[in-house]
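Each chain, written out:
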Amino acid sequence: MLTDIEIAQQAKMHHIKDVASLLDINEDELEFYGKYKAKLSDELLERTKNNPDGKLVLVTAVNPTPAGEGKTTTSIGLGQALGCLGKKAVLALREPSLGPCFGIKGGAAGGGYAQVVPMEDLNLHFTGDFHAITSANNLLAAMLDNHIQQGNELGIDPRQIVWKRCLDMNDRALRNIVVGLGAKADGMVREDHFVITVASEIMAVLCLADDMDDLKRRLGRMIVGYTFDGKPVTADDLHATGSMATLLKDALKPNLIQTLEHTPAIVHGGPFANIAHGCNSVRATKTALKLADIVVTEAGFGADLGAEKFLDIKCRMADLAPDCIVLVATVRALKYNGGVKKEDLSTENLEALKSGIVNLEKHIENLQKYNVPIVVTLNAFVSDTQSELEFVENFCKERGCEFALSRVWEKGGEGGIDLANAVLKTLEEKKSEYKPLYDDDLSLKEKIEKVAKEIYGAGDVTYSAQASKELDRITDLGFDNFPVCMAKTQYSLSDDPKKLGRPSGFTLNVREVYVSAGAGFVVAVTGTIMTMPGLPKVPAANSIDVDNNGVITGLF
């Protein structure tokens, strides 16, 4: 059996200009990065801005397990299947981060015969967007420290600096550091921190910005720290906005690649869903809607994180509304939630399936609160038995959801025809009445508790003294009308990754709160979630290599 990278390396890719022509994009509206990658020009975005919008399909999933759910694979396979049915479809996906790719998660190009290509390029440096974000982030950090070194005219309190440096790699040793050691000319000694690039506020800002003017506004209002008398200091105050925007000039433009079956895929941006808002860029999604009849996009991790943030943050800010939601699950994942060990998941176990399907049930109930029609799809494995498949199908239909099996990993677009037909039927027969979970005028604590209790199933929410104090300051600064972005483990509906299934009545602990004033949301950090991941005992990097001909192995 071929590996994902071997399948991708054997693909016969079309020139990206030919893929673009499927969306009526002219060659001179592309900025080429070789034969198989291109950025979409500002001229294209301007030309198509008055086109009617296509239908928007969001793909999300149950909480991730070691068994794998295949959310991105399903998204790509659905896009390919719609193409097989003669529909003008396009994918709008996120870019993967180098840290997880070389760590434990692997890449984000899909899998099997439902992949976007060039797979190696996408999972590595791609078009340099993440490097530009990293550079812009660290430029601001350098200008902040330089301002303090050069006399500190703004009166910045070094003990209240909130801007952190970033790196697109898992490196736990950089979570807490000391800078400025050495001579007086080397800067002020202070504690500093690194986050992974996908957790940088600049990533969120880039993904939520409509255009360059909006990008500059958002960059300029980012808070880097506070003065000795407690006033916020912004990037505008440091005169850093223009130089950061210059570094991000090309990164702001969406990227176009293709699937194994040449379906167009716009891949742009990639904020973490367990730390940030977990969606591809607003620019990419809005552009896709102007270019195709159906847009398939995805949100990160499980629906409690990615879908909630897509629906409560991205849709709210960008005036978007999904027409259908596809909820991905696997029999294996549901049995894992029912207590079965990973090595035993291939054995039929209806009792464990009945026990673990409550996780799927909770996600269905959550998504129904947004008044968007739902299609549940099982990403099928050869070990799934007919009894197990029928049990899940009946379970979903009893809850008012369309249901379809997906075999896109094995068969590509052909294996997603049933899913594509279920989506088309839903788009035709059911109307979306999307509404967010909460109103803007609720207090920040009310918003946090709304998500915690209604989406996660918590019975109560507690706050550290530091979090409560910061909530008061954020409210006093006038940011209480912002939506909340919950930073939480992806492995459980709760803030404890070991609580599988459908935990309820637990207490959610908010240990830290901070405002991302440029992005336009308030982050509430729960449990032990880290903004700079570490590498596992045996990282994927151990097995990645390249030969003399430039052929990469070990990437997945």
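A brief look at the structure comes next.

Cut-off values and rules
Residues numbered from 1 in each chain as written. Predicted model: local features only at pLDDT ≥ 70, side-chain atom pairs only at ≥ 80, totals over all residues. Heavy atoms only, no water. Buried < 20%, exposed > 50% of the residue type's maximum accessible area, 1.4 Å probe, protein only. Helix = DSSP H or I, 4+ residues; strand = E, 2+ residues; numbered from the N terminus. Pairing = 2+ DSSP bridges. Phe/Tyr/Trp six-rings, centres within 6.5 Å; stacked < 30°, edge-to-face > 60°. Lys NZ or Arg CZ within 6 Å of the ring centre and 35° of its normal. Axes fitted to C-alpha atoms, helices over the stretch in contact; angles between N-to-C directions. Parallel < 35°, antiparallel > 145°, perpendicular 65-115°, else oblique. Left-handed = near helix turned anticlockwise from the far one by under 90°. Contact = heavy atoms within 4.5 Å. Nonpolar A, V, L, I, M, F, W, Y, C, P; charged D, E, K, R; others polar. Core = buried A, V, L, I, M, F, W, Y, C linked by side-chain atoms within 4.5 Å. Salt bridge = Lys/Arg side-chain N within 4 Å of Asp/Glu carboxyl O. Expected span 1.5 Å × (residues − 1). Arc of directions from axis to C-beta.

1. Side note on the pairing of strand β3 (residues 55-61)
Most of β3 is tucked away: six of the seven residues are buried. Across five bridges, β3 lies against strand β16 (residues 294-298) in parallel orientation. When the bridges of β16 are listed, K55 appears paired with I294. Here β3 pairs with strand β17 (residues 324-329) via five bridges, running parallel. Within β17, the residue paired with A61 across the bridge is V328.

2. Regarding the packing of aromatic side chains
By the definition in use, this model includes two aromatic pairs. Ring geometry for F391 versus F395: centroids 6.4 Å apart, planes at 35°, classification tilted. Separated by four residues within a single helix, F391 and F395 lie in helix α16 (residues 386-398), roughly one turn from each other. When the ring centre of F381 is taken as origin, the NZ or CZ atom of R332, which lies over that ring, is 4.9 Å away. A cation over an aromatic ring shows up here: R399 above the ring of F395, its NZ or CZ 3.5 Å from the ring centre.

3. Here we look at the packing of helix α7 (residues 129-149) against helix α8 (residues 201-208)
Taken N-terminus to C-terminus, the directions of α7 and α8 make an angle of 125°; their axes are 9 Å apart at the nearest point. If you check the angle between α7 and α8, you find them oblique. Handedness of the crossing formed by α7 with α8: right-handed. Residues F130, I133, A136 and N137 of α7 form the contact with α8, whose own contacting residues are I202, M203 and L206. Residue composition of the contact of α7 with α8, grouped by class: six nonpolar, one polar and no charged.

4. Observations concerning helix α11 (residues 282-291)
Most of α11 sits inside the fold, with eight of its 10 residues counted as buried. Of all the positions in α11, only V282, R283, A284, T285, T287, A288, L289 and L291 are classed as buried.

5. Considering the pairing of β16
With five of five residues buried, β16 lies mostly within the body of the structure. A two-sided burial pattern is seen for β16, the buried positions comprising I294, V296 and E298 on one face and V295 and T297 on the other.

6. Side note on the sheet that holds strand β13 (residues 232-234)
The strand order β7-β12-β13 describes an open sheet built from three strands, whose pairing is antiparallel. Single-partner strands in this sheet number two, and they are β7 (156-161) and β13. The sheet shows a mean angle of 50° between the axes of neighbouring strands, direction not considered. In terms of strand pairing, β7 meets strand β12 (residues 223-227) through two bridges, oriented antiparallel. Across the sheet, the residue bridging to I161 is G225, located in β12. This element, α7, spans β7 and β12 of the sheet and lies at about 135° to β7.

7. Some remarks on unusual backbone geometry
The linkage connecting V117 with the following residue, P118, adopts the cis geometry, with an omega of 5°. Looking at where P118 falls in the secondary structure, it is placed in the loop between β6 (114-117) and α6 (119-123).

8. Section: the nonpolar core
The biggest cluster of nonpolar side chains holds 138 residues, and the ones touching the most others in it are L248, L360 and V392. Once you skip the residues sitting within four places of it in the chain, L248 turns out to touch A132, I133, A136, I202, L206, L215 and L219. One finds I7, L91, C101 and V267 within the second-largest nonpolar core, a separate group that totals 43 residues.

9. Concerning the pattern of salt bridges
It is possible for side chains of opposite charge to pair when their charged atoms get near one another. Inspection of the entire model under this criterion finds 35 salt bridges. Salt-bridge contacts for E31 lead to K253; the nearest nitrogen and oxygen are separated by 3.0 Å. A residue pair is termed long-range when its members are at least 10 positions apart, and E31 in strand β1 (residues 30-32) and K253 in the loop between α10 (241-247) and β14 (255-259) qualify at 222 residues. Looking at E31, the relative accessible area reads 27%, which means it is partly exposed. One network of salt bridges, in which partners are shared, links E361, E365, E398, R399 and R502.

10. Here we look at the sheet that holds strand β23 (residues 521-526)
The strand order across the open sheet built from four strands is β20-β22-β23-β21, with neighbouring strands paired in mixed fashion. The open sheet has two free edges, formed respectively by β20 (460-463) and β21 (484-487), since each of these has just one partner strand. When strand polarity is set aside, the average angle formed by the axes of neighbouring strands in this sheet is 40°. By the bridge criterion, four bridges tie β20 to strand β22 (residues 507-516) in an arrangement that is parallel.

11. Observations regarding helix α19 (residues 444-456)
For α19, with 13 residues, the first-to-last C-alpha span of 17 Å sits near the 18 Å given by 1.5 Å per residue. Taken as a whole, α19 has its buried residues at L444, K447, I448, V451, A452, I455 and Y456. For α19, the angular spread of buried residues about the axis comes to 130°, placing them on one side.

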